[in-house]
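Report on the structure
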Amino acid sequence: MNFFFEVLVGGLLAGVMYSLVAIGFVLIYKASGVFNFAQGAMVLFAALTFVSLLERGVPFWLCFLMTLAVMIVLALGIERWVLAPLANRSPITLFMATLGLSYVIEGLAQLLWGAQVHGLELGIKDEPFIIGGIFLSQFDLFAAGIALSLVIILSIFFNKTQIGLSLRAVADDTLAALAVGIRLPKVWVIVWSVAGFVGLVAGLLWGARVGVQFSLSLIVLKALPVLIIGGFTSIEGAIVGGLIVGASEKLAEVYLGSVIGGGIENWFPYVLALGFLLIRPAGLFGEQAIERV
């Protein structure tokens, strides 16, 4: 049983890392109804900018603030040159725009910082931590704490602040929000800036785990089953979806791998997501789409 709980808890903690990426998708989808395929590229760009500044001797916290400023400027550029010209277009048009934007951001990152792999040390050692006879990763516990803090902060931001209420109003009905005086460009800049901040945090944690390299942009694919299971409009759902994906893929690899072969954790989350699409398309915490005929 100790081994089972060790695999289970390890999977849950690993799932938190997926959730950090999924939160960025949820933020933009809540405000615009657009699936931002460029979120993975934003994670890469943030991590690469941070580590490149750090390697040039800039202090850690100054690197963080400078990278955050860069992500906000990037958000302003996206709103001005991508979203504004495509306002009131179909969701598929905006999705294709973010798909193209992902390649632009990756190319910009390579142009500015090069394509070499960087190591990133955050001062958190990935050593085992024993609780009740169960070996846990100190780094995974740290990442879980960061994710929990982000969820609390973002929940308060969306539910208790004037800006957060404006974001929710835009997500519910864009035309009605415009009619009461909410400025859509301002809302988009804010939500993309917050998504950039979340991308920075996710990029630092993933960069410290696997290295800062261009394959970081592919973690967008790992976030897809998390979003499908948790729901595209719920920050809490992103966390729960990540926990489900992380735990299920580890348990499937350990207990089913010997029966049907290894490598299960690479595709099992998509099988699970497909089951949710068939049974509950909106996800566990997603909002059901209601259309009047």
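Here the structure is a predicted model, which means the values were calculated and not measured.

1. A few points about the overall build of the protein chain
Check the secondary structure of the protein chain and you find 12 helices and two strands. Secondary structure of the protein chain in N-to-C order comes out as α-α-α-α-β-β-α-α-α-α-α-α-α-α. Taken over the C-alpha trace, the protein chain has a radius of gyration of 19 Å; the compact-globule value for 293 residues is 19 Å, and the two agree within 12%. In terms of principal-axis extent, the alpha carbons of the protein chain reach across some 60 × 55 × 35 Å. Among the 293 residues that make up the protein chain, the fraction classed as buried is 48%. For the protein chain, the exposed area adds up to about 14,200 Å²; of that, 68% sits on carbon and sulfur atoms.

2. Quick notes on the nonpolar core
Core analysis: the biggest nonpolar cluster contains 89 residues, and I23, L27, I105, W192 and I235 have the highest contact counts within it. The leading source of residues in this core is helix α8 (residues 184-210), at 15 residues. The residues contacting W192, other than those within four sequence positions of it, are I28, N36, M42, A75, I78, L83 and L101.

3. A look at the pairing of strand β2 (residues 134-137)
For strand β1 (residues 128-131) and β2, the ladder comprises four bridges, and the chain directions are antiparallel. Its bridge partner lying in β2, F129 is registered against L136. Between β1 and β2, which pair antiparallel in sequence order, lie two residues; one of them, G132, sits at a positive phi of approximately 60°.

4. Some details on the pattern of salt bridges
Overall, the coordinates contain three salt bridges when judged by the stated rule. Across the pair K222 and E249 runs a salt bridge, and its minimum N-O distance is 3.1 Å. Residue K222 is located in helix α9 (residues 219-230), and its partner E249 is located in helix α10 (residues 235-255); the two are separated by 27 residues in the primary sequence. Here the two residues K222 and E249 agree in accessibility, since each one is buried. Between E265 and K250 there is a salt bridge, with its nearest N and O atoms 3.1 Å apart. Of this pair, E265 sits in helix α12 (residues 264-279) while K250 sits in helix α10, placing them 15 residues apart in sequence. Residue K250 is classed as partly exposed on the basis of its relative accessible area, which comes to 27%.

5. Describing the packing of helix α1 (residues 2-32) against α9
A pair of packed helices is captured by two measures, namely the crossing angle of their axes and the spacing between those axes. It is the contact of α1 with α9, at a shortest axis distance of 8 Å, that shows an interaxial angle of 80°. In this view, α1 runs roughly perpendicular relative to α9, as classed from their interaxial angle. Two secondary-structure elements touch here, α1 through Y18, V21, A22, F25 and V26 and α9 through I219, V220, K222, A223, V226 and L227.

6. Observations regarding the packing of helix α2 (residues 39-55) against α8
One way to put it is that α2 packs onto α8 with a least axis distance of 8 Å and a crossing angle of 65°. Helix-helix and strand crossings are classified by hand; for α2 and α8 the assignment is right-handed. Along the contact surface, α2 presents Q39, M42, V43, A46, A47 and F50, while α8 presents W192, A195, G196, G199, L200, A202, G203 and L204. When its residues are assigned to classes, the contact of α2 with α8 shows 10 nonpolar, four polar and no charged.

7. A word on the environment of G275
In this fold, G275 is placed in helix α12. Taking relative accessible area as the criterion, G275 reaches 24% and is therefore assigned partly exposed. Residues G275 and Y29, 246 residues apart in the sequence, show an inter-C-alpha distance of 22 Å.

8. Examining the environment of V210
Position of V210 relative to the elements: it lies in helix α8. When the C-alpha positions of V210 and L120 are compared, they lie 8.8 Å apart, and in sequence the two are 90 residues distant.

9. Overview of the environment of L112
On the secondary structure map, L112 appears in helix α4 (residues 91-113). Using a relative accessible area of 46% as the deciding quantity, one classes L112 as partly exposed.

10. Some details on helix α5 (residues 138-160)
Its 23 residues place the ends of α5 33 Å apart at the C-alpha level, agreeing with the 33 Å of an ideal helix rising 1.5 Å per residue. Along α5, the residues that are buried comprise F139, D140, A143, A144, A147, L150, V151, L154, S155 and F158.

11. Details of the packing of aromatic side chains
Inspection of the entire model under this criterion finds 13 aromatic pairs. Ring centres of F35 and F95 lie 6.0 Å apart, and the angle between their planes is 40°; on these two criteria the pair is classed as tilted. You can see F35 sitting in the loop between α1 and α2 and its partner F95 sitting in helix α4, a full 60 residues away along the chain. In this structure F35 comes out as buried when scored by relative accessible area, which is 16%. Overall, the relative accessible area of 24% leaves F95 in the partly exposed class. Centre to centre, the rings of F50 and F60 are 5.2 Å apart; their planes meet at 80°, and the pair counts as edge-to-face.

Parameters and conventions
Residues numbered from 1 in each chain as written. Predicted model: local features only at pLDDT ≥ 70, side-chain atom pairs only at ≥ 80, totals over all residues. Heavy atoms only, no water. Helix = DSSP H or I, 4+ residues; strand = E, 2+ residues; numbered from the N terminus. Rg over C-alpha atoms; globule rule 2.2 N^0.38 Å. Buried < 20%, exposed > 50% of the residue type's maximum accessible area, 1.4 Å probe, protein only. Areas by Shrake-Rupley, 256 points an atom, 1.4 Å probe, with all protein chains shown as cover. Core = buried A, V, L, I, M, F, W, Y, C linked by side-chain atoms within 4.5 Å. Contact = heavy atoms within 4.5 Å. Pairing = 2+ DSSP bridges. Salt bridge = Lys/Arg side-chain N within 4 Å of Asp/Glu carboxyl O. Axes fitted to C-alpha atoms, helices over the stretch in contact; angles between N-to-C directions. Parallel < 35°, antiparallel > 145°, perpendicular 65-115°, else oblique. Left-handed = near helix turned anticlockwise from the far one by under 90°. Nonpolar A, V, L, I, M, F, W, Y, C, P; charged D, E, K, R; others polar. Expected span 1.5 Å × (residues − 1). Phe/Tyr/Trp six-rings, centres within 6.5 Å; stacked < 30°, edge-to-face > 60°.

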